[in-house]
Amino acid sequence: MVAVTAGRTAQGAAGMTEAAAQTEEAAFDAAVAADERIEPRDWMPEAYRATLVRQMAQHAHSEIIGMQPEANWITRAPSLRRKAILMAKVQDEAGHGLYLYSAAETLGTSRDELLDKLHAGRQRYSSIFNYPTLTWADVGAIGWLVDGAAITNQVPLCRCSYGPYARAMVRICKEESFHQRQGFELLLALSRGTPAQHEMAQDAVNRWWWPSLMMFGPPDDASAHSAQSMAWKIKRHSNDELRRRFVDICVPQAQALGLTLPDPDIRWNEERGQHDYGEIDWTEFQEVLKGNGPCNDQRLAQRREAHEEGAWVRQAAAAYADKHRAQGESPSQGPGRARPSDGSDTAATPPDHPGTAAPSAGSEPSAGPSPSTGPEVTAQSMEATT
Amino acid sequence: MTAALALGDDALVLSHRLGEWAGHAPVLEEEVALANIALDLLGQARTLLSLAGDEDELAFLREERSFRNVQLVEQPNGDFAHTIARQLFFSVYQHLLYERLAAGTGEFTDLAAKAVKEVAYHRDHAEQWVLRLGDGTAESHERMRRGLDALWRYTGELFEPVEGVDIDWRALEGDWLSAVTSVVGRATLALPTGPRAGAWTAGAGRQGLHTEPFGRMLAEMQHLHRSHPGASW
């Protein structure tokens, strides 16, 4: 575990005294209360660690599963400009997955371990990605509504008490807000386009609106993890609070788009200073969560297939690294890149993983799938899963 | 604008094929890397096609026989080794070509000066993977060998002179052969010995003669644009 600090080690093999444990817990509580960041080497309650791993894993999984519904349209994008934007967006999501898996690794949980849990159906990803992208306008609706809901959820996470997660979220939120504007702009072009394009946009908004509202999770009185997470300042606002904020943001934006939201009960409530909205179908939410959504099986199957079909590639990279280490060669530069991305359409590239970054001097060849565990660990964990 | 179309179509079509990997790559880092390469190529394609006309009209409204890309770039992805073999053959070619264009004084100088930096990365990416797959496991070695074998026949066409590109094409081919031979050798593999298309069908793709999978690729790429004539997106 990474949480063994020098202070704790000094307590010796006999373990900490009760008084010392109380001191550490008090220090943790005080840090959270003072809005200070908890860092990987700080003491933290096991339940805090477990909650963070669960949430960050779910978030990382959502990024990589979320690539699928949008990648579905890359090969059919109707203009080269839109194709570039969409490809960059899907690439950003892979990058977000990488930051988040790396942030989770600071809590002592490897990416391989988390991927295994995803593939085994033991960890979740956001249910929104279990809905299909049926037309091109869905790409816009996902950007506007799904990314919009994600930002509403995630901006407060930039102030999350756990440092690595908060810092990853700062970067992710910047890119998400770019995606949200691109989605809005895509829908605007359709809404102001031909009647067929306008209809396509309205149809997409009709289908994505309610699932987007469900992204904020169950109502506050039914949310299992909320209270403790709020006390730990992992979470800063309740599900319903964020949902309401999102509706307030969307109503004027829908008007600007010239599209309607498929809820006749949306109206301004003068007294509350917010919009009221209709009843959410929580049965649908529960069914999709249970695995009965339109694409649950398809999404997980594609993910597993990509992973299984890629096993020989990861094994080859690990075997190559082993051979060349055994021969005492200085490793050649891996398939990395040394230059920053350029152009507004291109994704910001994550700083420290083999696919995009120049390896640091003396590092292993960077074809291995996991930057922090190294190829041999990867090979072992792969064995265990196949 | 024969040359802009030829080079632009190469980049457009290969970008499309690489885009098909999204969500299917063997490891998350490769999702990012393959998308990066696809985006670089798409950027090059847009610049080049815009020299020849309207980029979207050219991409979405031409028929198969009007595309001027080499057949190599339209070949389906196959497995990861097959894709890497295609990347090796093409990126080494493109790197050597763009180096020459960047050093020249023709109309592609500025584009090539920018693109050559991108393409150097594409080449490095491909070469490093050829080494790992060739000199990795028995399975990866065999898959890499099959990929090189299957695509070898399409490499001759790369060196058919393109009208308007004033370089020494034979010297380019010589440099390409020695670069590719060296990488493949270090990967404990050998280059195939079979025929290369250029030897018997000079410049097929450059003249609008393509392979069967290309028509299906275009059908997918163009269908939405064509379904809404005159619409803007």
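Structure first, text after, so check above.
All figures in this text were calculated on a predicted structure; none of them were measured in a lab.

## Side note on the interface of chain B and chain A
Size of an interface, as often reported, equals the accessible area lost when the parts are brought together.
Point 1. Residue-level contacts link 57 residues of chain B with 67 residues of chain A.
Point 2. A combined buried area of about 5000 Å² lies between chain B and chain A, and 64% of that area is made up of carbon and sulfur atoms.
Point 3. The three residues of chain B that bury the most area against chain A are B:Glu29, B:Arg132 and B:Trp233, which together make up 16% of that side's buried surface.
Point 4. On inspection of chain B and its partner chain A, the count reaches two salt bridges.
Point 5. The shortest N-O distance in the salt bridge between A:Arg111 and B:Glu29 comes to 2.6 Å.
Point 6. Among the elements of the structure, helix 1 (2–19), helix 2 (28–52), helix 3 (55–60), helix 5 (80–103), helix 6 (109–134), helix 7 (138–152) and helix 9 (212–227) of chain B are those that each provide at least two residues to the side of chain B that touches chain A.
Point 7. Broken down by element, the residue count for the side of chain B that touches chain A peaks at 13 residues, all from helix 2 of chain B.
Point 8. Of the residues in the side of chain B that touches chain A, the class split is 25 nonpolar, 15 polar and 17 charged.

## Looking at unusual backbone geometry
Point 1. One non-glycine residue, A:Lys233, lies in the positive phi region at around 60°.
Point 2. Among the secondary structure elements, A:Lys233 is positioned in the loop between helix 10 (226–231) and helix 11 (239–257).
Point 3. With a phi close to 60°, B:Thr188 is a non-glycine residue in the positive phi region.
Point 4. You can see B:Thr188 is positioned in the loop between helix 8 (169–186) and helix 9.

## Some thoughts on the side chain of A:Gln123
Residues and elements named next belong to chain A.
Point 1. Among the structural elements, Gln123 can be located in the loop between helix 6 (111–119) and helix 7 (137–154).
Point 2. A relative accessible area of 16% means that Gln123 is categorised as buried.
Point 3. Gln123 has contacts with Ala57, His61, Leu114, Lys117 and Leu118, leaving out every residue within four places of it along the chain.

## A few points about the packing of aromatic side chains
Point 1. Under the defined criterion, the tally for this structure stands at 17 aromatic pairs over all chains.
Point 2. Seen from their ring centres, B:Phe80 and B:Trp129 are 5.1 Å apart, and the 85° between their planes marks the pair as edge-to-face. Of this pair, B:Phe80 sits in helix 5 while B:Trp129 is found in helix 6, placing the two residues 49 residues apart along the sequence. As far as burial versus exposure is concerned, B:Phe80 and B:Trp129 are alike and both buried.
Point 3. For the pair B:Tyr93 and B:Phe159, a centre-to-centre distance of 5.9 Å together with 85° between the ring planes defines the contact as edge-to-face. With B:Tyr93 in helix 5 and B:Phe159 in the loop between helix 7 and helix 8, this pair connects stretches of sequence that are 66 residues apart.
Point 4. The class for B:Tyr93 is buried, based on a relative accessible area of 0%.
Point 5. Ring pairs connect the aromatic residues B:Phe89, B:Phe90, B:Tyr93, B:Trp152, B:Phe159 and B:Trp176, which therefore count as one cluster.
Point 6. Seen from the ring of A:Trp73, A:Arg76 lies directly overhead, with NZ or CZ sitting 3.6 Å from the centre.
Point 7. Looking at B:Arg196, its charged tip hangs above the ring of B:Trp152, at a distance of 5.0 Å from the centre.

## Digging into the packing of helix 1 of chain B against helix 9 of chain B
Residues and elements named next belong to chain B.
Point 1. Put simply, helix 1 and helix 9 touch, their axes get as near as 12 Å, and they point 80° apart. When the interaxial angle is binned, helix 1 and helix 9 end up roughly perpendicular. Listed contacts from helix 9 to Leu12, Val13, His16 and Arg17 of helix 1 are Pro213, Phe214, Met217 and Met221.

## Quick word on the pattern of salt bridges
Point 1. Evaluated as defined, the whole model comprises 31 salt bridges over all chains.
Point 2. For A:Arg207, the salt bridge is made with A:Asp138, and the minimal N-O distance between the two is 2.7 Å. With a gap of 69 residues between them, A:Arg207 in helix 9 (residues 195–214) and A:Asp138 in helix 7 connect regions that are remote in the sequence.
Point 3. Since its relative accessible area comes to 26%, A:Arg207 is described here as partly exposed.
Point 4. Taking relative accessible area as the criterion, A:Asp138 reaches 0% and is therefore assigned buried.
Point 5. In this structure, the salt-bridge partner of B:Arg145 is B:Asp149, at a minimum N-O distance of 3.0 Å. Taken together, the residues span about one helical turn, with B:Arg145 and B:Asp149 both in helix 7 at a distance of four residues.
Point 6. Residue B:Asp149 is classed as partly exposed on the basis of its relative accessible area of 40%.
Point 7. Among the charged side chains, a salt-bridge network with shared partners connects B:Glu142, B:Arg145, B:Arg146 and B:Asp149.

## A few points about helix 5 (residues 80–105) of chain A
Point 1. Here helix 5 of chain A spans 38 Å end to end across 26 residues, near enough to the 38 Å set by a 1.5 Å rise per residue.
Point 2. Counting buried residues along helix 5 of chain A, 24 of its 26 residues qualify, which places the element largely inside the surrounding structure.

Reading guide: rules and limits
All residue numbers here refer to positions counted from 1 along the written sequence of the relevant chain. Chains and ligands are labelled by the order in which they are written, letters from A for the one and numbers from 1 for the other. In keeping with the predicted nature of the model, local features appear solely for residues at pLDDT of at least 70, side-chain atom pairs appear and are counted solely at 80 or more, and the whole-chain, interface and lining totals rest on all residues. Side-chain numbers come from the whole structure's heavy atoms, not from hydrogens or water. By definition, residues are in contact when any of their heavy atoms lie within 4.5 Å. The term buried area denotes the loss of accessible surface (1.4 Å probe radius) that occurs when two parts are joined, taken as the sum for both partners. Salt bridge, as applied in this entry: a Lys or Arg side-chain nitrogen positioned within 4 Å of an Asp or Glu carboxyl oxygen. Only DSSP runs of H or I with at least four residues qualify as helices, and only runs of E with at least two residues qualify as strands; both kinds are numbered from the N terminus onward. Ten residues, namely Ala, Val, Leu, Ile, Met, Phe, Trp, Tyr, Cys and Pro, are considered nonpolar, four, namely Asp, Glu, Lys and Arg, are considered charged, and the remaining ones, Gly among them, are considered polar. The classification of residues rests on relative accessible area computed with a 1.4 Å probe and restricted to protein chains. Under 20% of the type maximum is buried, over 50% is exposed, and intermediate values are partly exposed. Two aromatic rings, drawn from Phe, Tyr or Trp (for Trp, its six-membered ring), form a pair once their centres lie within 6.5 Å of each other, and the interplanar angle then sorts them: stacked below 30 degrees, edge-to-face above 60, tilted otherwise. Charge-over-ring contacts are defined here by two conditions on Lys NZ or Arg CZ: a distance within 6 Å of the ring centre and an angle within 35 degrees of the ring normal. Angles here are taken between N-to-C directions and fall from 0 to 180 degrees, while the axes themselves are lines fitted to C-alpha atoms, restricted in helices to the stretch in contact. What sets the label is the angle itself: under 35 degrees gives roughly parallel, over 145 gives roughly antiparallel, 65 to 115 gives roughly perpendicular, and the rest give oblique. The span you would expect from a helix comes to 1.5 Å times its residue count less one.

No statement about biological role is implied by the geometric values presented.
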